[in-house]
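Reading the structure
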Amino acid sequence: MSAPAASPRVLALDPMSRGFGYAVLEGPTSLVDWGIRNAPNDNTRAQLRKVSELIDLYHPDVIVIEDGRHDRSRRRQRVRALVTQVAALATPETDVQLIPAALVRKVFGAGKAVTKHQIATLVTEHFPEIGYRLPPERKPWMPEDARFAIFDAVAFGLTFFLLDDTDPLAGQSPIKNAA
């Protein structure tokens, strides 16, 4: 039997209409993998199959996903149902943590990041290896770039780790270079 890992392996997910963004972290400073998995035409079954493949590949200790039940969540009903179905995929040893998007904004807001692009920029400062995936800043008439799902997933994962280490409401910036 091997020694327990210092930090749990986290699979963070950010569902979107055409699939989901994901990030695998082993602690707040180790980004193992990231990307987007596409599923055509809001196909929930295909999304669940792709999530299951990631669970089988990485054997996460924790799955982190947005809490769509939160009052301020703007998620469609289909995505809210998907979160429940993803939780059902977890093994008995895997914890599922639902984190409201508002909490992510509070954690990153301590570093004065309030927009998705500002949060994504802080994420790239923390993990420069994904900087090449950072979309340009969105103009009001432009649709959201699907690549933001990667940065949202990383932000959810970091929020999970940082909640153990800091009080996000204390005004401290938990992300490096954010102050």
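The following refers to the structure shown.

Calculation rules
- Residues numbered from 1 in each chain as written.
- Predicted model: local features only at pLDDT ≥ 70, side-chain atom pairs only at ≥ 80, totals over all residues.
- Heavy atoms only, no water.
- Pairing = 2+ DSSP bridges.
- Helix = DSSP H or I, 4+ residues; strand = E, 2+ residues; numbered from the N terminus.
- Buried < 20%, exposed > 50% of the residue type's maximum accessible area, 1.4 Å probe, protein only.
- Polar contact = N/O pair within 3.5 Å; in protein donor to acceptor, adjacent residues only side chain to side chain.
- Contact = heavy atoms within 4.5 Å.
- Salt bridge = Lys/Arg side-chain N within 4 Å of Asp/Glu carboxyl O.

Remarks on the pairing of strand β3 (residues 31-38)
- Direction of pairing for strand β2 (residues 19-26) relative to β3: antiparallel, over a ladder of 7 bridges. Residue pairing in the sheet places F20 in a bridge with R37 of β3.

Examining the environment of G68
- Its location among the elements puts G68 in the loop between β4 (62-66) and α2 (77-89).
- The class for G68 is buried, based on a relative accessible area of 6%.
- The spatial distance from the C-alpha of G68 to the C-alpha of A81 is 8.7 Å, given a sequence separation of 13 residues.

Some details on the side chain of H117
- Its location among the elements puts H117 in helix α4 (residues 116-126).
- At 3.1 Å, the side chain of H117 and the backbone oxygen of P135 are in polar contact.
- With sequence-adjacent residues up to four places away left out, H117 is seen in contact with L134, P135, P136, E137 and F148.

Some details on unusual backbone geometry
- Of note in the backbone geometry, H59 takes a positive phi value of approximately 45 degrees without being a glycine.
- Following the sequence through the fold, H59 ends up in the loop between α1 (44-58) and β4.

Points about the pattern of salt bridges
- For the structure on display, the rule yields 5 salt bridges.
- Between E26 and R9 there is a salt bridge; the shortest N-O distance is 2.2 Å. One end of the pair, E26, is in strand β2; the other, R9, is in strand β1 (residues 9-16), with 17 residues separating them in the sequence.
- For E26, a relative accessible area of 31% gives the class partly exposed.
- Of the charged contacts, one joins R37 and E53 as a salt bridge, the two residues approaching to 3.9 Å between their closest N and O atoms. Here the residue R37 occupies a position in strand β3, and E53 occupies one in helix α1, the gap between them amounting to 16 residues.
- Taking the relative accessible area as the measure of exposure, R37 reaches 24% and is therefore partly exposed.
- Owing to a relative accessible area of 42%, E53 belongs among the partly exposed residues under this scheme.
- One connected set of salt bridges, linked through shared partners, spans K116, E144 and D152.

Keep in mind these numbers describe shape, not what the thing actually does.
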